[in-house]
Amino acid sequence: QVQLVESGGGLVQPGGSLRLSCAASGMIPEIYVTGWDRQTPGKEREMVARILPGGGTTYADSVKGRFAVSKDNVKNTYLQMNTLKPEDTAIYYCHVFFGGRGYWGQGTQVTVSS
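Here goes a summary of the coordinates provided. (Residues numbered from 1 in each chain as written. Predicted model: local features only at pLDDT ≥ 70, side-chain atom pairs only at ≥ 80, totals over all residues. Heavy atoms only, no water.)

**Quick notes on the pattern of salt bridges**
As a reminder, the rule being used: Take a side-chain nitrogen of Lys or Arg and a carboxyl oxygen of Asp or Glu: if they are within 4 Å of each other, that pair is a salt bridge. Think of it this way: any DSSP run of H or I at least four residues long counts as a helix, any run of E at least two long counts as a strand, and we number them from the N terminus. Classification of residues uses two cut-offs on accessible area relative to the type maximum, computed with a 1.4 Å probe and protein chains only: under 20% is buried, over 50% is exposed, and between them is partly exposed.
Applying the stated criterion across every chain, the model contains 6 salt bridges. A salt bridge links Arg38 to Asp88, with the nearest nitrogen and oxygen atoms 3.0 Å apart. In this pair, Arg38 is assigned in strand E4 (residues 33–39) and Asp88 in the loop between strand E8 (77–81) and strand E9 (90–98), connecting sequence segments 50 residues apart. Overall, the relative accessible area of 7% leaves Arg38 in the buried class.

Put into structure tokens, the structure is as follows:
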């Protein structure tokens, strides 16, 4: 019913920037939480960023000051990633939560390496 499709991942050098996009479709209400998670093989899935219905945001300590999450009026979500580090390498998943249920996309690979 809800579909989330991520794009914008790829290979980038340390210190570079990347912008991820999440195209949302389906029945998403006006009140919802959206954001991004990431996961590396062998590690637990990590919350990266969230944006609340009123526009407030929260970030993992490891990305504060470098990443910025945003959304538009058709419920797409974005993640601007600056000053990327090798430890940012992961699959990044778009996330939407409403009605007591969470949804994730298929993910997009981000690799930070020289």
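**Considerations on the nonpolar core**
Stated formally: Residues enter a nonpolar core if they are buried and are Ala, Val, Leu, Ile, Met, Phe, Trp, Tyr or Cys, with the set joined through side-chain atoms within 4.5 Å. Residues are treated as being in contact if the distance between any of their heavy atoms lies within 4.5 Å.
One finds Leu4, Trp36, Val48, Phe67, Leu79, Met81 and Tyr92 to be the most contacted residues of the largest nonpolar core, which totals 29 residues. When contributions to this core are tallied by element, the ones reaching two or more residues are strand E3 (18–25), strand E5 (46–51), strand E7 (67–71), E8, E9 and strand E11 (108–112). Counting residues per element, this core draws most heavily on E9, which supplies 5 residues. When neighbours within four sequence positions are excluded, Leu79 is seen to be in contact with Leu18, Arg19, Leu20, Trp36, Val48, Ala49, Phe67, Ala68, Val69 and Tyr92.

**Things to note about the sheet that holds E7**
Note the threshold: Following DSSP output, two strands are said to pair if at least two bridges run between them. What counts as an axis is a line fitted to C-alpha atoms, over the stretch in contact for a helix, and the angles between N-to-C directions run from 0 to 180 degrees.
Read from one edge of the open sheet, 4 strands run E1-E3-E8-E7, paired in antiparallel fashion. Looking at the sheet topology across the chains shown, the edges are occupied by strand E1 (3–7) and E7. Strand-to-strand twist of the sheet, defined as the mean angle between neighbouring strand axes without regard to direction, takes the value 15°. Sheet topology places E7 next to E8; 5 bridges connect them, and they run antiparallel. Within E8, the residue paired with Ala68 across the bridge is Gln80.

**A short note on the packing of aromatic side chains**
Put simply, the test is: By convention, a stacked pair of Phe, Tyr or Trp rings (six-membered ring in the case of Trp) has centres within 6.5 Å and planes under 30 degrees apart, an edge-to-face pair has planes over 60 apart, and any other such pair is tilted. Only when the NZ atom of a Lys or the CZ atom of an Arg is both within 6 Å of the ring centre and within 35 degrees of the ring normal do we say a charge sits over the ring.
All told, the structure shown has 1 aromatic pair when counted by the stated rule. Seen from their ring centres, Phe98 and Tyr103 are 5.4 Å apart, and the 25° between their planes marks the pair as stacked. A relative accessible area of 14% means that Phe98 is categorised as buried. The cationic tip of Arg45 hangs over the ring face of Tyr93; the distance from NZ or CZ to the ring centre is 4.0 Å. Lys71 extends its terminal NZ or CZ atom over the ring of Tyr32, reaching a point 4.5 Å from the ring centre.

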